[in-house]
Amino acid sequence: MRQFGAAMVAVSALLAGAPAVAAVSQPSDAQCGSAFEFIGPDPAVAARAKASGQPIYIVADSTEGTPGGEIRLRGQAAIVKGDRQLNADEVTFNRDSQAAVAVGAVVFGDSRMMLEGSSLEYNVDTDQGTIENASYALREKRARGRATRIIRRDSSRHTLEGAFYTTCPPGKRDWAVRSTRVDLDFDAGEGRARNVVLDFKGVPILYSPFFSFPLSDKRKSGFLAPSAGTGGKSGFELRTPYYLNLAPNYDATVTPHYMSDRGLMMEGLGRYLFSDFSGQIGGTYLPSDNKADRDRSLVAFSQSGALTPRWTHYLTFNRVSDDAYFEDFGNGIYDVSTSHLQRLASTSYNGDSWRVLGQVETYQTLYGSKPYRRLPQLMFNTSGFAPAGLSYTLDSEYAVYDHPDLVHGTRLDLYPSLSLPFERAAFRVEPRVGYRYTQYDLKQQLPGLDDKPSRALPILSLDSGLFFERDVDLWGVGALQTLEPRLFYLYVPKRDQDDIPLFDTGDTDFSFQSLFRTNRFSGPDRQGDANQVTAAITSRFLGASSGVEMFRASLGQVRYLRDRQVLLRSGPAIESNESAIVGELWARLTRALLARGDLEWDPDSGSTQRSVVGLYYRPQNGMLLNASYRMRRELPNLSAPGLTDSLEQVDVSGVIPLGRNWQLVGRSYYSLPDSQFVESFVGVGYESCCWGARVVTRRYVRRYDGRYDGDTTSSIMFELELKGLTNIGNKVENLLTEGVYGYSRDAYGF
């Protein structure tokens, strides 16, 4: 049953259509090299001006006075005041009015902007001027452009006439924004443009009579880039998000989402951040879905924070209008497999060696059985050291479980334990004794069963291990090999537990880690009886000089000294004398190639019952390849009649560079018993210095409720990224992060 994790992934993925901030990347030095090193004012002149200490520093190869009180500066003329510097072949400067007229190779710059042009009229005192036929560069944005005229109104405000803007380096103009007039306000961090045309490869692709954009990384209200696409679920889709920068610590995004086959859905997402807590609330609403003929909606809320340094809280609430919401509007297999949406309010207090947790938890059930509600659940846990080398732990819980149809009531569970660990360099021994007491007060109990059952029993264990090591030579590489045998004895007497309901308890998957658990069940409603010995061994290879682990293999099995009689539900005892053999393998085969595997082999049938094998290739050339195989055989359920579902899946994914700028990405996730592709996509991307483009075609199942029913949907996603400006189309980053193991945009750039 997929519950909280899948539900939150699903809700987050749906709200990703309304991004809270226009996240666009900037051209990088790695991609653009030194292409953005504009000429700029002479730094040597700036250094001499600073050393002189003069409020206005003037220098030239030659100077000439005029009767009108002007000074004519010729040959490498420069005027410096503060962070402003003017360089030109010739400058006429009036001492009285502080006016300067510069011609010939004019360069002007300050901490925000650099200008180059044919002529400049500038007042040093008022910091105002006009430069003709100018090129400009914005230092913080790594952007540039040209304008027929640039009017400097003061150090913060500029007006550009007949201008274009791009983040492509000089000599390239793959994309550019053209405008009849652009007003820049650096203090406000905002630019405004009129009659805007966006050109890509010389072709106009967007027009707007007015456009505003940020001049820094500060957030700003306004329309974000629209996204469009088509798919089998809703027809043609268009999103036009509008971002609201309401305050420094909270914002919102409202997104009209048009679907040709369904209608207009409104999407919203609000975020807030305070010193002690943060959260977000979002939702969607589609009145009268044209396909389903009913209103459709989603609400998602989450908040976490600290009331004090030790006192924390977490809240979440999720709701959809109908069971088929994720089937129709989900973005992938994680959405369509969501069976329950969580509603949770929890708070905890952490002491130095103890913790108290209180929570209330319910679910909205989309399909499958309804879980119990916790109304409330209180937990207290503590651990520490006692005299004479003893250590202690206490796990306790009091919970009220509620269900409309099944037996329900309260549960008190207390589990204190004491251990005496003893360790040396070559061995360790840890005996432990515990006592578990569980008390119920039930309503709607089945006829003939106790409505106040209880259970009390001791839990005894002895864990021991040895540690051996030796130096070895692995093909000329020095290494340290360890051998770590381990014995674990567990004794738990049988107690009749048939009167106890199953509130939150089930079987656990059998794995290497479960060999050393004191309970073979996942919750306190059943405490498994045991008289058993676990034998296991682990071997590692570590780098002799670095200590880095290169290889690890583990193998183990449980020997049962008596039949296991405690089951989830009434039935015959389990009479096997030994468990399956389980193993784990982890190996770094090369610097770039990693392998891992898990195995469960049944000696009675002589067959493998469960296995996971994976290969992961990570070279340094931008390539990423994953291949994994997962299998679980259809076995008799040891605690109940019937059979468990079998599972056999192959998952292959990766990112492959195709030359300098091109990349291929894909995933194929296939279920062998169902003869069904659970999810598959393939895409190609292009990445240059100042822009990128990606197109991905995708197909995935529409619904999963224990079996894949063969009903699939497909879509095509296209994204055009203009670095430093915006993203147009459907962002594919979330798809790749979820579908390609180990992928990150920073590392692989697709």
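Residues numbered from 1 in each chain as written. Predicted model: local features only at pLDDT ≥ 70, side-chain atom pairs only at ≥ 80, totals over all residues. Heavy atoms only, no water.

Enquirer: Could you give me a rundown of the overall build of the chain, with the residues and numbers involved?
Expert: Within the chain, the secondary structure is distributed over seven helices and 43 strands. When the 750 residues of the chain are sorted by exposure, 46% land in the buried category. At a minimum sequence separation of 6, the contacts of the chain that also span at least 24 residues come to 48%. In the structure as shown, the chain presents an accessible area of about 36200 Å², 56% of it carried by carbon and sulfur atoms. (Helix = DSSP H or I, 4+ residues; strand = E, 2+ residues; numbered from the N terminus. Buried < 20%, exposed > 50% of the residue type's maximum accessible area, 1.4 Å probe, protein only. Contact = heavy atoms within 4.5 Å. Areas by Shrake-Rupley, 256 points an atom, 1.4 Å probe, with all protein chains shown as cover.)

Enquirer: Go over unusual backbone geometry, please, and point to the residues and values.
Expert: Backbone torsion omega between leucine 375 and proline 376 reads -5°, so that peptide bond is classified as cis. Topologically, proline 376 is positioned in strand E24 (residues 373–385). Positive phi, close to 50°, is recorded for asparagine 195, a residue that is not glycine. You will see that glutamine 444, though not glycine, has its phi angle at about 60°, which is positive. Examined against the element boundaries, glutamine 444 turns out to sit in the loop between strand E28 (427–443) and strand E29 (454–466). Overall, the relative accessible area of 47% leaves glutamine 444 in the partly exposed class.

Enquirer: With reference to specific residues and values, describe the state of the cysteines.
Expert: The tally for this structure, following the rule as stated, stands at one disulfide. At a sulfur-sulfur separation of 2.0 Å, the disulfide partner of cysteine 168 is cysteine 690. Here cysteine 168 and cysteine 690 share a disulfide; its torsion about the S-S bond, 70°, makes the bridge right-handed. A residue pair is termed long-range when its members are at least 10 positions apart, and cysteine 168 in the loop between strand E9 (157–166) and strand E10 (175–185) and cysteine 690 in the loop between strand E40 (676–687) and strand E41 (691–701) qualify at 522 residues. Each member of the pair cysteine 168 and cysteine 690 is classed as buried. (Disulfide = S-S within 2.5 Å.)

Enquirer: Mind laying out the side chain of serine 607, listing which residues take part and the relevant values?
Expert: The topology assignment puts serine 607 in strand E36 (residues 607–617). Separated by 2.8 Å, the side chains of serine 607 and serine 605 make a polar contact. In terms of polar contacts, serine 607 uses its side chain to reach the side chain of glutamine 609, at 2.7 Å. Contacts of serine 607, omitting those with residues within four sequence positions, involve Glu600, Trp601, Asp602 and Arg633. (Polar contact = N/O pair within 3.5 Å; in protein donor to acceptor, adjacent residues only side chain to side chain.)

Enquirer: Tell me about the confidence of the model for the chain, and please be specific about residues and values.
Expert: Mean pLDDT for the chain: 86, with 90% of residues reaching 70 or above. Note on residues 1–23: pLDDT is under 50 here. Beyond four places in sequence and across chains, it has 71 contacts. For residues 636–643, every residue scores under 50 in pLDDT, and the model assigns this stretch 15 contacts once sequence neighbours within four places are set aside. (pLDDT = per-residue confidence, 0-100.)

Enquirer: An account of the side chain of threonine 316 is needed here, citing residue identities and associated values.
Expert: With respect to the element layout, threonine 316 can be found in strand E21 (residues 311–320). A relative accessible area of 4% places threonine 316 in the buried class. Within the structure, threonine 316 has its side chain in polar contact with the side chain of asparagine 318 (distance 3.3 Å).

Enquirer: For the packing of aromatic side chains, give the residues involved together with the corresponding values.
Expert: A ring pair, where both rings are aromatic, is described by two values, the distance of the centres and the angle of the planes. The tally for this structure, following the rule as stated, stands at 22 aromatic pairs. Here phenylalanine 200 and tryptophan 691 contribute two aromatic rings whose centre-to-centre distance is 4.8 Å and whose plane-to-plane angle is 85°, an arrangement assigned as edge-to-face. Of the two residues, phenylalanine 200 is situated in strand E11 (residues 190–200) and tryptophan 691 in strand E41; the sequence distance between them amounts to 491 residues. A single burial state applies to phenylalanine 200 and to tryptophan 691, both of which are buried. The rings of Phe200, Trp662, Tyr686 and Trp691 are connected pair by pair, giving a single aromatic cluster. Across from the ring centre of tyrosine 560, 3.7 Å away, lies the NZ or CZ of arginine 564, which sits over that ring. (Phe/Tyr/Trp six-rings, centres within 6.5 Å; stacked < 30°, edge-to-face > 60°. Lys NZ or Arg CZ within 6 Å of the ring centre and 35° of its normal.)

Enquirer: How would you summarise the pattern of salt bridges if you had to cite specific residues and measurements?
Expert: Evaluation of the coordinates by the stated rule reveals 49 salt bridges. Of the charged contacts, one joins arginine 84 and aspartate 127 as a salt bridge, the two residues approaching to 3.4 Å between their closest N and O atoms. Of the two residues, arginine 84 sits in strand E4 (residues 84–94) while aspartate 127 sits in the loop between strand E6 (113–123) and strand E7 (128–138), which places them 43 residues apart along the sequence. Note on aspartate 127: relative accessible area 8%, which makes it buried. The residue arginine 694 makes a salt bridge to glutamate 687 at a minimum N-O spacing of 2.9 Å. Assessed through its relative accessible area of 15%, glutamate 687 is described here as buried. (Salt bridge = Lys/Arg side-chain N within 4 Å of Asp/Glu carboxyl O.)

Enquirer: Give a description of the environment of glutamate 578 that names residues and reports values.
Expert: Mapped onto the elements, glutamate 578 comes out in the loop between strand E33 (549–560) and strand E34 (581–588). When the C-alpha atoms of glutamate 578 and tyrosine 560 are compared, they prove to be 5.5 Å apart, with 18 residues separating the residues in sequence. Those residues within four positions of glutamate 578 in sequence are excluded, and the remaining contacts are Gln557, Val558, Arg559, Tyr560, Pro603 and Asp604. Separated by 3.5 Å, the side chains of glutamate 578 and arginine 559 make a polar contact.

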